[in-house]
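Single-letter residue listing:
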Amino acid sequence: MWTMKLFGTDVYHLVAAFLVYSVLGWFVESVYMSFCNRKITNRGFAKGPFCPIYGVGAVCCYLIFSPLKGQYIKIYLLGALTATIFEYLVGRGMILLFGELWWDYKEKPFNFQGIICLESTVAWGFYALGIVHILHGWVYRLIDSVDMKTGIIIVCIMLALAAVDYCVQLGKVFHIKERYRNFVSRR
């Protein structure tokens, strides 16, 4: 399974890159928000250092835009546009699913519904350039610095920890314990 080719690379590298980008995205956003809030801020949904939206976004960004490598303006504009659309769709989905948005751009100039804003759109374009031209190569070198057998074990452990963490947090959000207690007490 791990060596199966998908989008021109193997599953192992895609999953490992997803994990690296998820942790890296959590770190960058948490540091940035800690600076803005002047206090330590965990920007993840769960307790652990993991934001899967960054993993999905970065891996998709590389897969979609790597054929355009060297076409800086195209990558910038398409990266800014697609990431903004993705951010908007995720934001609307969160509102529908959880009844709330986990970020708020209402105070930012040129925002739309507090979900997207010009400042982030500009940043997404630069992130796309950085991922395609710099970061993805570094991420793959990091992944390749670990023996694949060891890497697979690390990947499986990280996925399991993230899954447990997310299940616990989703259980809290959807009040699973209370619903179970109410169900049992009615019987």
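As shown above, the structure is provided for reference.
Owing to the predicted nature of the structure, the values given are computational and were not obtained by experimental measurement.

Scoring rules and cut-offs
Chains are numbered independently. Their residues run from 1 in the order of the written sequence. For this predicted model, a pLDDT threshold of at least 70 governs which residues receive local features, and a threshold of 80 or more governs which side-chain atom pairs are given and counted, while totals over whole chains, interfaces and linings are taken from all residues. The basis for every side-chain value is the complete set of non-hydrogen atoms in the structure, without hydrogens or water. Think of it this way: any DSSP run of H or I at least four residues long counts as a helix, any run of E at least two long counts as a strand, and we number them from the N terminus. In this description, accessible areas are obtained by the Shrake-Rupley approach with a 1.4 Å probe, and a residue is regarded as covered only by the protein chains that are shown. The sign given to each residue is positive for Lys and Arg and negative for Asp and Glu; His and the chain ends receive no count. Charge positions are represented by NZ for Lys, CZ for Arg, CG for Asp and CD for Glu. What makes a salt bridge here is a side-chain nitrogen of Lys or Arg within 4 Å of a carboxyl oxygen of Asp or Glu, nothing more. Partly exposed residues are those whose accessible area sits between 20% and 50% of the maximum for their type, while under 20% is buried and over 50% is exposed, using a 1.4 Å probe and protein chains only. What counts as a ring pair is set by centres within 6.5 Å for rings of Phe, Tyr and Trp (its six-membered ring), and what kind of pair is set by the plane angle: stacked under 30 degrees, edge-to-face over 60, tilted for all other angles. Only the stretch in contact is used when fitting a helix axis, every axis being a line fitted to C-alpha atoms; angles between N-to-C directions are given from 0 to 180 degrees. Any angle that falls under 35 degrees is termed roughly parallel, while one over 145 is termed roughly antiparallel, one within 65 to 115 roughly perpendicular, and all others oblique. It is the rotation of the near helix from the far one that decides the hand of a crossing: anticlockwise by less than a right angle makes it left-handed, clockwise makes it right-handed. By the convention used here, residues are in contact when the closest approach between their heavy atoms is within 4.5 Å. Under this grouping Gly is polar, as are all residues other than the nonpolar Ala, Val, Leu, Ile, Met, Phe, Trp, Tyr, Cys and Pro and the charged Asp, Glu, Lys and Arg.

**Student:** Could you give an account of the overall build of the protein, naming the residues involved and the relevant values?
**Tutor:** Within the protein, the regular secondary structure consists of 6 helices and 4 strands. Of the regular secondary structure in the protein, the N- to C-terminal order runs β-β-α-α-α-β-β-α-α-α. For the protein, the C-alpha atoms occupy an extent of roughly 65 × 50 × 30 Å along the three principal directions. Surface exposure of the protein reaches about 12100 Å², of which carbon and sulfur atoms provide 70%. Seen as two clouds, the 18 positive and the 11 negative side-chain charges of the protein have centres 5 Å apart.

**Student:** With reference to specific residues and values, describe the pattern of salt bridges.
**Tutor:** Going through the model one piece at a time under the given rule, you end up with 1 salt bridge. In this structure, the salt-bridge partner of K108 is E119, at a minimum N-O distance of 3.1 Å. Remark: E119 occurs in helix α4 (residues 118-144) and K108 occurs in the loop between α3 (72-98) and β3 (111-112); sequence separation between them is 11 residues. You can call K108 partly exposed: its relative accessible area is 27%.

**Student:** An account of the packing of aromatic side chains is requested, with residue identities and associated values reported.
**Tutor:** What the rule picks out here adds up to 7 aromatic pairs. Members of the aromatic cluster, joined through ring pairs, are F18, F50 and Y166.

**Student:** Just give me the short version of the packing of helix α1 (residues 11-37) against α4, but keep the residues and values in it.
**Tutor:** Where α1 contacts α4, the axes come no closer than 11 Å and their chain directions differ by 130°. When the interaxial angle is binned, α1 and α4 end up oblique. Viewed along their axes, α1 and α4 form a crossing whose handedness is right-handed. For the pair α1 and α4, contact is made by Y12, H13, L14, A16, A17, V20, Y21, L24 and Y32 and by E119, I131, L135, H136, W138, V139, Y140, L142, I143 and D144, respectively. Class assignment of the residues belonging to the contact of α1 with α4 gives a composition of 15 nonpolar, 2 polar and 2 charged.

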